[in-house]
Amino acid sequence: MNIILLGPPGAGKGTQARFLVEERGMVQLSTGDMLRAAKASGTEMGRIVADVMDRGGLVTDEIVIGLIREQLETVKANGFIFDGFPRTLAQADALADLLAEKGETLDAVIELEVNDEVLVDRIVGRAAEAAAAGQPVRADDNAESMKVRLMEYYKKTSPLIGYYYAKGQLTKVDGLGEIADVKAAIAGVLG
C-alpha cells in the first residue's frame, strides 16, 4: 500500500507516519531525510545533492524522483508513505508516472485538515513546552515563521488537494483531533 499524507506544516503528518511505520511495516519516504542521507552517502547522486545544497540551491524534481526511484527499487516494505512529496502538480504527475513504471499504485491520499489559527497556536505552544522542558526548539516554530510556511504551502502544495480529489483518491481527516483519534481515522481509511 502506497499513500500520501497531505497537510500544512505542523498538521501531524510525521507523527502519523511513524505509527504507520511501526504498526504496518511501511517505509516513510521523507524528502528531507532522503536528501540528507544522499548528501552524506558519497554516491554520485549524493555528490550532486551535496553540490546543490551547499550552493543553497533547490534540488530539482528529477533528483528527488531519482531518490524515490532508488528507494522503490531497493527497499522492501509493506508500502511507502510519501512525506513532503509531492509538493507541486508537476511532482504529482512525475510520481504517478514513476509508480506506473514500477507497476505500483497510489492507494490513498489523506489530507490532514486543520484550522490555521489553531495550528499556529499549536506550534507556538509546542515550542514553549519544549523550551520550558529544556529541549531544543526549532528556529521556525514561531507565529511569524509558521505563517510564512503556511503561505508557501497554500501557494504550492494545496492545489494537490483538488488534483487528488478529481482523481477520486483524496480522503479528508480531521488533523486537529487527539492523536489517537487521528490515528484511528487514518486506519479507517486504509482498512
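Residues numbered from 1 in each chain as written. Predicted model: local features only at pLDDT ≥ 70, side-chain atom pairs only at ≥ 80, totals over all residues. Heavy atoms only, no water.

Undergrad: What is the right way to look at the overall build of the protein in this model?
TA: The number of helices and strands found in the protein is nine helices and five strands. Going from the N terminus to the C terminus, the protein shows its helices and strands as β-α-β-α-α-α-β-α-β-α-α-α-β-α. Against the compact-globule benchmark of 16 Å for 191 residues, the protein has a radius of gyration of 17 Å, which places it among compact chains. For the protein, the spread of C-alpha atoms along the three principal axes comes to 45 × 40 × 30 Å. When the 191 residues of the protein are sorted by exposure, 39% land in the buried category. Once local pairs closer than 6 in sequence are excluded, the contacts in the protein between residues at least 24 apart make up 72%. (Helix = DSSP H or I, 4+ residues; strand = E, 2+ residues; numbered from the N terminus. Rg over C-alpha atoms; globule rule 2.2 N^0.38 Å. Buried < 20%, exposed > 50% of the residue type's maximum accessible area, 1.4 Å probe, protein only. Contact = heavy atoms within 4.5 Å.)

Undergrad: I tried to follow the packing of helix 5 (residues 89-101) against helix 8 (residues 159-166) on my own but got confused; where do I start?
TA: Between two packed helices, what matters for the description is the angle formed by their axes and the separation of those axes. Between helix 5 and helix 8, whose axes approach to 9 Å, the crossing angle comes to 40°. Looking at the two axes, helix 5 sits oblique to helix 8. Taking contact as the criterion, the partners of Leu 89, Ala 92 and Asp 93 in helix 5 are, on helix 8, Pro 159, Leu 160, Tyr 163 and Tyr 164. Across the contact of helix 5 with helix 8, the residue classes tally to six nonpolar, no polar and one charged. (Axes fitted to C-alpha atoms, helices over the stretch in contact; angles between N-to-C directions. Parallel < 35°, antiparallel > 145°, perpendicular 65-115°, else oblique. Nonpolar A, V, L, I, M, F, W, Y, C, P; charged D, E, K, R; others polar.)

Undergrad: Honestly, the nonpolar core in this entry has me stumped. Any pointers?
TA: Core analysis: the largest hydrophobic core is formed by 30 residues, its most contacted members being Ile 4, Leu 6, Leu 67, Ile 68, Phe 82, Val 109 and Tyr 164. Counting residues per element, the ones that place at least two in this core are strand 1 (3-6), helix 2 (31-41), helix 3 (44-54), helix 4 (61-74), strand 3 (80-83), helix 5 and helix 8. Of the residues forming this core, the biggest block, six residues, is contributed by helix 4. Setting aside its immediate chain neighbours within four residues, Ile 4 contacts Phe 82, Phe 85, Pro 86, Leu 95, Leu 106, Ala 108, Val 109, Ile 110 and Tyr 164. Listed in part, the 20 residues of the second largest apolar core include Ile 3, Ile 81, Ala 108 and Met 146. (Core = buried A, V, L, I, M, F, W, Y, C linked by side-chain atoms within 4.5 Å.)

Undergrad: How should the packing of aromatic side chains be read in this particular structure?
TA: In this description, a pair of aromatic rings is defined by centroid distance and the angle of the planes. Taken as a whole and judged by the stated rule, the model has two aromatic pairs. Ring geometry for Tyr 153 versus Tyr 154: centroids 5.3 Å apart, planes at 70°, classification edge-to-face. Arranged with centres 4.8 Å apart and planes meeting at 90°, the rings of Tyr 163 and Tyr 164 form a pair that is edge-to-face. With respect to class, Tyr 163 is no different from Tyr 164; both count as buried. Its guanidinium or amino end placed over the ring of Phe 19, Lys 183 lies 4.7 Å from that ring's centre, counting from NZ or CZ. (Phe/Tyr/Trp six-rings, centres within 6.5 Å; stacked < 30°, edge-to-face > 60°. Lys NZ or Arg CZ within 6 Å of the ring centre and 35° of its normal.)

Undergrad: Would you take a moment to explain helix 7 (residues 143-156) for this structure?
TA: Helical geometry note: an α-helix holds 3.6 residues per turn, so side chains three or four residues apart project in the same direction. An ideal rise of 1.5 Å per residue puts 20 Å on 14 residues; helix 7 measures up with 20 Å between its terminal C-alpha atoms. Along helix 7, the positions that sit buried rather than exposed are Met 146, Arg 149, Leu 150 and Tyr 153. An end-on view of helix 7 places all buried positions within 105° of arc, on one side of the element. Across helix 7 from its buried face, at more than 90 degrees, point the exposed residues Glu 144, Val 148 and Lys 155. Two or three places before Glu 144, at the start of helix 7, stands the capping residue Asn 142, its side-chain oxygen 3.2 Å from that residue's backbone nitrogen. (Expected span 1.5 Å × (residues − 1). Arc of directions from axis to C-beta. Polar contact = N/O pair within 3.5 Å; in protein donor to acceptor, adjacent residues only side chain to side chain.)

Undergrad: For this particular structure, what's the right way to read the sheet that holds strand 1?
TA: Whenever strands of a sheet pair, they do so through backbone hydrogen bonds, lying parallel or antiparallel. Pairing is parallel in the open sheet, where five strands are placed in the order 2-3-1-4-5. Two strands close off the open sheet at either side, each with one partner strand: strand 2 (27-30) and strand 5 (170-174). Averaged over all pairs of adjacent strands, the angle between their axes in this sheet comes to 25°, without regard to strand direction. Two strands pair when backbone bridges link them, and strand 1 and strand 4 (residues 108-113) are joined in this way by four bridges, in the parallel orientation. (Pairing = 2+ DSSP bridges.)

Undergrad: Just to check I follow, could you spell out the layout of surface pockets for this structure?
TA: In this structure, the largest pocket spans a volume of roughly 1,600 Å³. Taken together, 49 residues make up the lining of the largest pocket; nearest its centre are Pro 9, Lys 13, Gly 84, Arg 87 and Arg 149. For the lining of the largest pocket, the elements supplying multiple residues, two or more each, are strand 1, helix 1 (13-24), helix 2, helix 4, helix 6 (116-132), helix 7 and helix 9 (179-190). It is helix 1 that contributes the most residues to the lining of the largest pocket, five residues altogether. (1 Å grid on protein atoms, 1.4 Å probe; cavity = no way out; pocket = protein on both sides within 12 Å on 5 of 7 lines; lining within 4 Å. Points joined across faces, edges and corners; volume = space filled by probe spheres on them.)

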